[in-house]
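A structural walkthrough
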Amino acid sequence: MKNQELGVRLAVPRPLRIYLTDLAHDYVHGNFTVPYNIGLLAAYLEHHFRSQVEIKLFKSTGHFLDAIKTDQAPDIVGFSNYLWNQQLNHRMMEKVNQRFPDAVLCMGGPLIRTDARGISDFLRKYNALDYYAMYEGEMPLGNLVEYFLSKGKIIKKEACDTKIPGVAYLFHNELVFPKLEFKKGMIENVPSPYLTGW
């Protein structure tokens, strides 16, 4: 993998390119609800990082595949993890890795056990994944973005040199997961994806 030890230096002053996905099979009718979950993430990141991030949302797998064939390389690709799209996400992670091996792959969502062994087992099974934003994903993902911006580069899990609150990853095959203490008002103040246009 290129630049694994040092991370991937960002061209200054380019914003972080972030793809957020809530993928469904395009041939199935009935699971194309509004992707409110990733809309919340986008609204939160935009509110906190403004011009430092450039975000695209994907519900359609076909549109996502078109983007990774034709767009510039994303820095971060985030996948929402549910029962109906877990295997689809796994296949899309393989596609992203083939085309953009330096991109950071992140996931969040409820289809993961929350005990240490369950998290570790999941990350070992889906070893292409770099980071998992646990529980409500807005703040953990924000913490990850803030870490990258502070370093001036994206950093794959193998080169991560800090504990990121709310974010789980494997470092030398050992789980790193500093829990994030949620307090009243932290999540309630996420901007509305409806009012912000997401």
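The preceding data block contains the structure.
Let us look at the structure shown here. What you see is a predicted model, and the numbers here were worked out from it, not measured in a lab. (Residues numbered from 1 in each chain as written. Predicted model: local features only at pLDDT ≥ 70, side-chain atom pairs only at ≥ 80, totals over all residues. Heavy atoms only, no water.)

1. What about the pairing of strand β4 (residues 76-80)?
The condition that has to hold: Three labels apply to residues, based on accessible area from a 1.4 Å probe with only protein chains included: buried if under 20% of the type maximum, exposed if over 50%, partly exposed otherwise in between. Think of it this way: any DSSP run of H or I at least four residues long counts as a helix, any run of E at least two long counts as a strand, and we number them from the N terminus. We call two strands paired when DSSP finds no fewer than two bridges between them. Note on handedness: a clockwise path from strand one over the helix to strand two, with the strands aimed away from the viewer, defines a right-handed crossover.
Counted residue by residue, β4 has 5 buried out of 5 residues, so it is predominantly covered. Judged from the 4 bridges that link them, strand β2 (residues 16-24) and β4 form a sheet pairing that is parallel. Bridged to T21 within β4 is F79. Alignment of β4 against strand β5 (residues 104-108), held across 5 bridges, turns out to be parallel. Bridging across to β5, F79 finds its partner in M107. The β-α-β motif built from β4, the intervening helix α3 (residues 86-99) and the parallel element β5 has right-handed crossover chirality.

2. Here we look at unusual backbone geometry
One non-glycine residue with positive phi stands out, namely R50, at about 45°. Assignment of secondary structure puts R50 in the loop between α1 (36-49) and β3 (53-60). If you check the backbone angles, N173 has positive phi at about 65° while not being a glycine. In this fold, N173 is placed in the loop between β8 (167-171) and β9 (174-176). For N173, a relative accessible area of 44% corresponds to the partly exposed category.

3. Re the sheet that holds β5
The cut-off we apply is this: Only C-alpha atoms enter the line fits that serve as axes; for helices the fit covers just the stretch in contact. Angles between N-to-C directions range over 0 to 180 degrees.
Within the open sheet, the 7 strands sit side by side as β3-β2-β4-β5-β6-β8-β9. Their pairing is mixed. What marks the edges here is a single partner per strand, and that holds for β3 and β9. Each neighbouring strand pair of the sheet contributes to a mean axis angle of 25°, computed without reference to strand direction. The sheet contact formed by β8 and β9 spans 3 bridges and is antiparallel.

4. Observations concerning the environment of P35
Here is the rule we go by: Any two residues whose heavy atoms approach within 4.5 Å at even a single point are treated as in contact.
For P35, the position within the fold is in the loop between β2 and α1. Spatially, the C-alpha atom of P35 lies 9.8 Å from that of S80, the residues being 45 residues apart in sequence. If near-sequence neighbours (up to four positions away) are discounted, P35 is found in contact with D22 and K59.

5. Quick word on the pattern of salt bridges
Let me state the cut-off plainly: Salt bridges are counted wherever a side-chain nitrogen of Lys or Arg sits within 4 Å of a carboxyl oxygen of Asp or Glu.
For the structure shown, the criterion picks out 9 salt bridges. A salt bridge links D75 to R14, with the shortest nitrogen-to-oxygen separation between them at 2.8 Å. You can see D75 sitting in the loop between α2 (61-70) and β4 and its partner R14 sitting in the loop between β1 (8-9) and β2, a full 61 residues away along the chain. For D75, a relative accessible area of 5% puts it in the buried group. With a shortest N-O distance of 3.0 Å, K156 and D130 are connected by a salt bridge. Separated by 26 residues along the polypeptide, K156 in the loop between β7 (153-154) and β8 and D130 in the loop between α4 (116-125) and β6 (131-133) bring together distant segments of the chain.

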